[in-house]
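Commentary on secondary and tertiary structure
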Amino acid sequence: MKKNIIVIGFMGVGKGTTARAFSKRYGTYIIDTDDLIESKENKEVKKIFEKKGEAYFRQQEQVTADWIEKCVKGTLISCGGGFYKVNNLKKLGTVVLLDASFEWIHNRLKTAKNSEQKLAKRPLFQEPKKAKKLYEEREKAYKKLADVVVDVEKMSLDEQLVFIARKCKV
């Protein structure tokens, strides 16, 4: 894989799950933008939001995007839900949107084995009404930026992997 695959989508849609499964199946490297920021800051995303605010976190996403553009090739990159706002997203690789309805995502998080942990990890999902409004604000932007759209509600994880690999020529 020469070109990066940039996986975007709303928080909780399954970007990390898909990335790990893709890596296992196709032997690709994966990185997660939130994990990179947490490592650099030595704090969880939730704590960064609490201590330094969302604006600071968004700055760190841009710093991370700039580093990816310069240094990362042939990698699947799982992005935080707001990472789509970086100004060089399209330069980072093929943008793949994992798309699902807000209701499907919310249900996925609520019914997960470790649902409390999954919900606690997402500071912007603490209030479902606000999260839904955020989803509605982001939905069109996600679709506009995407080179490939994967309807995760209609595909099994296995079908998603094959679809992404075919569309991204892996």
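To be clear, the structure that these remarks concern was listed above.
Just so you know, these numbers come straight off a predicted model, no measurement behind them.

Applying the stated criterion to the full structure yields 1 cavity of 30 Å³ or more. Considered as a void within the structure, the largest cavity measures approximately 40 Å³ in volume. Every residue along the wall of the largest cavity is listed here: Phe10, Val13, Leu97, Leu98, Asp99, Ala100, Ile105, Tyr135, Glu139 and Tyr142. Those elements giving two or more residues to the lining of the largest cavity turn out to be strand 4 (94-99) and helix 8 (128-145).

As for its position among the elements, Gln160 is in helix 9 (residues 157-167). Residue classification places Gln160 among the buried positions, given a relative accessible area of 6%. When residues no more than four places from it in sequence are discounted, the contact partners of Gln160 are Thr18, Leu98, Val150, Val152 and Met155.

Bringing the packing of helix 2 (residues 33-41) against helix 3 (residues 45-52) into the picture now. Contact geometry of helix 2 with helix 3 gives a least axis separation of 9 Å together with a crossing angle of 60°. Considered as vectors, helix 2 and helix 3 are oriented oblique to each other. Read as a crossing pair, helix 2 and helix 3 show a hand that is left-handed. Residues Asp34, Ile37, Glu38 and Glu41 of helix 2 form the contact with helix 3, whose participating residues are Val45, Ile48 and Lys52. Residue composition of the contact of helix 2 with helix 3, grouped by class: 3 nonpolar, no polar and 4 charged.

Conventions adopted
- Residues numbered from 1 in each chain as written.
- Predicted model: local features only at pLDDT ≥ 70, side-chain atom pairs only at ≥ 80, totals over all residues.
- Heavy atoms only, no water.
- 1 Å grid on protein atoms, 1.4 Å probe; cavity = no way out; pocket = protein on both sides within 12 Å on 5 of 7 lines; lining within 4 Å.
- Points joined across faces, edges and corners; volume = space filled by probe spheres on them.
- Helix = DSSP H or I, 4+ residues; strand = E, 2+ residues; numbered from the N terminus.
- Buried < 20%, exposed > 50% of the residue type's maximum accessible area, 1.4 Å probe, protein only.
- Contact = heavy atoms within 4.5 Å.
- Axes fitted to C-alpha atoms, helices over the stretch in contact; angles between N-to-C directions.
- Parallel < 35°, antiparallel > 145°, perpendicular 65-115°, else oblique.
- Left-handed = near helix turned anticlockwise from the far one by under 90°.
- Nonpolar A, V, L, I, M, F, W, Y, C, P; charged D, E, K, R; others polar.

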